[in-house]
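Structural characterization, general
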Amino acid sequence: MSQTSQTSADQSPQGEPAAPEQDAGRILSAPKGTYDLLPPRSEAFAHVTETYADAARRAGYGYVATPMFEDTALFRRGVGESTDVVSKEMYTFEDRAGRSLTLRPEGTAGVMRAVVEHRLLQGQLPVKLWYTGPNFRYEQPQAGRYRQHVQVGIEAVGVDDPALDAEVVAIADEGVRRLGLTDYDLRLTSLGCDRCRPAYRELLVRFLDGLDLDEATRARARLNPLRVLDDKRPEVRAQLEGAPLPPEHLCEECAEHFAAVRSLLDGLGVAHLYDPYLVRGLDYYTRTTFELTHRRLGAQASFGGGGRYNGLVESIGGPSAPGVGYGLGVDRSLLACEAEGLDLAPTGRVDVFGVPLGAAAKARLAVLLGGLRSAGVRADLAYGDRGMKGAMKAADRSGARFALVLGERDLAAGEIQVKDLQTGEQVGVPLDGLVEHVVGVLP
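Throughout this description, residue numbers start from 1 for each chain and increase along the sequence as written. Where local features are concerned, this predicted model is filtered to residues with pLDDT of at least 70; where side-chain atom pairs are given and counted, the filter is 80 or more; whole-chain, interface and lining totals use all residues. By convention in this description, side-chain values take in all heavy atoms of the structure and omit both hydrogens and water.

In DSSP terms, a helix is any run of H or I states spanning at least four residues, a strand is any run of E spanning at least two, and both are numbered starting from the N terminus. Helix and strand counts for the chain come out as 17 helices and 16 strands. Principal-axis analysis of the C-alpha atoms gives the chain an extent of 90 × 65 × 45 Å. Exposure is judged per residue with a 1.4 Å probe applied to protein chains only, and the accessible area is read against the type maximum: over 50% gives exposed, under 20% gives buried, and values in between give partly exposed. In the chain, which comprises 443 residues, the share counted as buried stands at 50%. Taking as baseline every contact in the chain between residues at least 6 positions apart, the subset at least 24 positions apart corresponds to 69%. Only the protein chains shown count as cover for residues, and all accessible areas are computed by the Shrake-Rupley method using a 1.4 Å probe. Taken as a whole, the chain presents about 21,400 Å² of accessible surface, with 51% of it coming from carbon and sulfur. Residue contacts follow a heavy-atom distance rule, with two residues in contact if any of their heavy atoms lie within 4.5 Å.

Below, the structure written as structure tokens:
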């Protein structure tokens, strides 16, 4: 791997790889900048993912999955050499054949590669796709910033229509609202196009030339001066007062496009804030650009965003094809939900819990629970040789609404005891009518 792909998890305190004899007795843990998702929080994480995915499906977006590693050139050409992502944060390595590969740092470039490779642009337009999966960036870990993070994103490719921009922004907002989030802002701007950007770039370069910037920032400005507007350091932000801003220098077509997007969002009831300083951290954005920020996430307030990228497909060797999309961070979205006190995890991991009293009862309960699962009921069983007391404790810990108690006398009578774990009430139910009874009493 490249230097930036090394982590403390596979090095000794002196920075050298751990020797095999030292590694043998070492307690292993998750690599720095990553974490394990465990129940019940993992259920909330899955709920966020599914909520965002469902919002995309409702608008006709089809699922796409791409490899977690790609040719390094894809990200250098697609994401941009001037970005921190490419210059500092990528996990890049050579495979055994000497090919340079990179763990994907973001989702859009890989999806565009798939669109071009499989000639999807020759079919119905726009091509509408959604995806989810982990991205990898070598960043300094802190709250809300991880070296592996999961996104749900959508891409609509092949049509340059402000109505499509508005749809994409509205889908992102719908997913966030369906989670129950309220304390967030949707910020919106336009970065112009290839016709109006050159003249604006000259204005911005002249302005930046007069500022007291360090050499690294000047080098970034030479590659893409817009990136300086995204600088979060107070000493740089203070000097940007009075800087020419992209929305103030749009060509007529871009200005009309931006006005149409905002009008359509108003019609859709999507509240948004005009932010002329907004610049996303990737080079491929043009025209409509937006970001979602949460007021309770501190320094890592952004939890999603996107916009239009009309030159991206061409930059990776494809035909001229406009596109628009977004990526929503599942990790940070979950942090935002927790900050607002939203409980997204299910109340219990199962609906019913089987308590068998004896081997014959366990064998019959195993079959009965299989039938309940086939009917859509979440069901678990007290495995091992637990007594009545231990099995009922396990039922309580499972979060089940009902315990299904079956003993030898019940088997002989052809019934099972169904106990409501909230009220304590218990009723006998015929064994052959259990599925119908449970389905009927569950909320």
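What follows covers the sheet that holds strand β3 (residues 92-94). Strand order in this open sheet of 3 strands is β2-β4-β3, and the pairing throughout is antiparallel. Among the strands making up the open sheet, the edge pair consists of β2 (69-71) and β3. Neighbouring strand axes in the sheet, compared pairwise and without regard to direction, differ in orientation by 35 degrees on average. Here β2 runs beside strand β4 (residues 100-103); their pairing, made up of 3 bridges, is antiparallel. Directly across from Glu70, in β4, lies its bridge partner Thr102. By this definition, two strands are paired if DSSP reports at least two bridges between them. Axis definition: a line fit to C-alpha positions, over the contact stretch in the case of helices; interaxial angles, taken between N-to-C directions, run 0 to 180 degrees.

What follows is about the pattern of salt bridges. Any carboxyl oxygen of Asp or Glu within 4 Å of a side-chain nitrogen of Lys or Arg constitutes a salt bridge here. Applying the stated criterion to the full structure yields 26 salt bridges. Measuring nitrogen to oxygen at the nearest pair gives 2.6 Å for the salt bridge that ties Arg178 to Asp54. In this pair, Arg178 sits in helix α6 (residues 162-179) while Asp54 sits in helix α2 (residues 41-57), placing the two residues 124 residues apart along the sequence. The exposure class of Arg178 is partly exposed, given its relative accessible area of 33%. A salt bridge links Asp420 to Arg401; its shortest N-O distance comes to 3.0 Å. Here Arg401 lies in the loop between α15 (388-398) and β14 (402-406) and Asp420 lies in strand β15 (residues 415-420), a separation of 19 residues in the sequence.

This part takes up the sheet that holds strand β9 (residues 286-294). If you trace the 8 strands from one edge of the open sheet to the other, you get β1-β5-β6-β11-β10-β9-β7-β8, paired in mixed fashion. A single partner strand is all that each edge strand has here, and the edge strands are β1 (62-63) and β8 (273-274). Strands in contact with α6 are β5 (127-136), β6 (148-157), β7 (184-190), β9, β10 (302-308) and β11 (323-329); relative to β11, the strand with the most contacts, it is inclined by about 15 degrees.

The predictor's confidence in any single residue is recorded as pLDDT, a number from 0 to 100. Mean pLDDT over the chain stands at 90; residues scoring 70 or higher make up 94%. Predicted confidence for residues 1-15 stays below pLDDT 50, and this span has 28 contacts to residues more than four positions away or in other chains.

Turning our eyes to something else, we now look at the packing of aromatic side chains. Only Phe, Tyr and Trp rings are paired, with Trp represented by its six-membered ring, and only when their centres lie within 6.5 Å; those with planes under 30 degrees apart are stacked, over 60 edge-to-face, the remainder tilted. According to the stated counting rule, one finds 6 aromatic pairs in the structure shown. Here Tyr63 and Trp130 contribute two aromatic rings whose centre-to-centre distance is 4.8 Å and whose plane-to-plane angle is 50 degrees, an arrangement assigned as tilted. Here Tyr63, found in strand β1, pairs with Trp130, found in strand β5; they are 67 residues apart in sequence, far enough to count as distant. Geometry around Tyr138 places Arg147 over its ring, the cationic atom sitting 4.0 Å from the centre. In this scheme, the term charge over a ring applies when either NZ of a lysine or CZ of an arginine sits within 6 Å of the ring centre and within 35 degrees of the ring normal.

As a further point, take a positive patch on the surface. Patch rule: a residue counts if its relative accessible area is over 30% and it has no salt bridge; like charges are joined within 9 Å, and nonpolar side chains (Val, Leu, Ile, Met, Phe, Trp, Tyr) within 5 Å. For the purpose of counting charges, residues Lys and Arg are taken to be positive, whereas Asp and Glu are taken to be negative. His and the chain ends are not included. To locate a charge, the coordinates of NZ of Lys, CZ of Arg, CG of Asp or CD of Glu are taken. Side chains of Arg386, Lys389, Lys393 and Arg397 sit close together on the surface and give a patch of like positive charge. Position of Lys389 relative to the elements: it lies in helix α15.

Two strands pair when backbone bridges link them, and β3 and β4 are joined in this way by 3 bridges, in the antiparallel orientation. Along β4, the bridge assignment pairs Thr92 with Thr102. Between the end of β3 and the start of β4, which pair antiparallel, lie 5 residues, with Gly98 showing a positive phi angle near 85 degrees.

Another aspect to go through is unusual backbone geometry. In this structure, Pro40 follows Pro39 across a cis peptide bond, with omega equal to 5 degrees. Here Pro40 lies in the loop between α1 (20-24) and α2. Cis geometry is found at the peptide bond from Leu125 to Pro126, where omega equals 0 degrees. Looking at the element boundaries, Pro126 is found in the loop between α5 (108-117) and β5. Located in the positive-phi region is Arg119, a residue other than glycine, with phi close to 55 degrees. Along the chain, Arg119 falls in the loop between α5 and β5. A relative accessible area of 58% places Arg119 in the exposed class.

Here we come to the packing of α2 against helix α13 (residues 330-339). Between α2 and α13, whose axes approach to 10 Å, the crossing angle comes to 110 degrees. As the angle between them shows, α2 and α13 are arranged roughly perpendicular. In this structure, the crossing between α2 and α13 has a hand that is right-handed. Residue-level inspection shows Arg41, Ala44, Phe45, Val48, Thr49 and Tyr52 of α2 in contact with α13, the latter providing Val330, Asp331, Ser333, Leu334, Leu335 and Glu338. Residues are grouped as follows: nonpolar covers Ala, Val, Leu, Ile, Met, Phe, Trp, Tyr, Cys and Pro; charged covers Asp, Glu, Lys and Arg; every other residue, Gly included, is treated as polar. Of the residues contributing to the contact of α2 with α13, the split by class is 7 nonpolar, 2 polar and 3 charged. Roughly parallel means an angle under 35 degrees; roughly antiparallel, over 145; roughly perpendicular, 65 to 115; everything else is oblique. Here is the rule for handedness: rotate from the far helix to the near one, and if that takes an anticlockwise turn smaller than a right angle the crossing is left-handed, while a clockwise turn gives right-handed.

Looking now at the packing of helix α7 (residues 197-209) against helix α8 (residues 215-223). Relative to each other, α7 and α8 sit at 165 degrees, their axes nearing to 11 Å. The orientation of α7 with respect to α8, classified from their angle, is roughly antiparallel. Seen along the crossing, α7 lies across α8 with a hand that is left-handed. Across the interface between the two elements, Arg201, Leu208 and Asp209 of α7 pack against Arg218, Ala221, Arg222 and Leu223 of α8. Within the contact of α7 with α8, the residues separate by chemical class into 3 nonpolar, no polar and 4 charged.

Quick look at the nonpolar core now. Tyr52, Tyr61, Ile154, Leu181, Phe290, Leu292 and Tyr326 are the most contacted members of the largest nonpolar core, which has 48 residues in total. Elements supplying a minimum of two residues to this core: α2, β6, α6, β7, α11 (252-268), β9, β11 and α13. Among buried residues, the Ala, Val, Leu, Ile, Met, Phe, Trp, Tyr and Cys ones that are joined through side-chain atoms within 4.5 Å form a nonpolar core. Ranked by size, the runner-up nonpolar core spans 24 residues in total, among them Leu74, Met112, Leu121 and Ala321.

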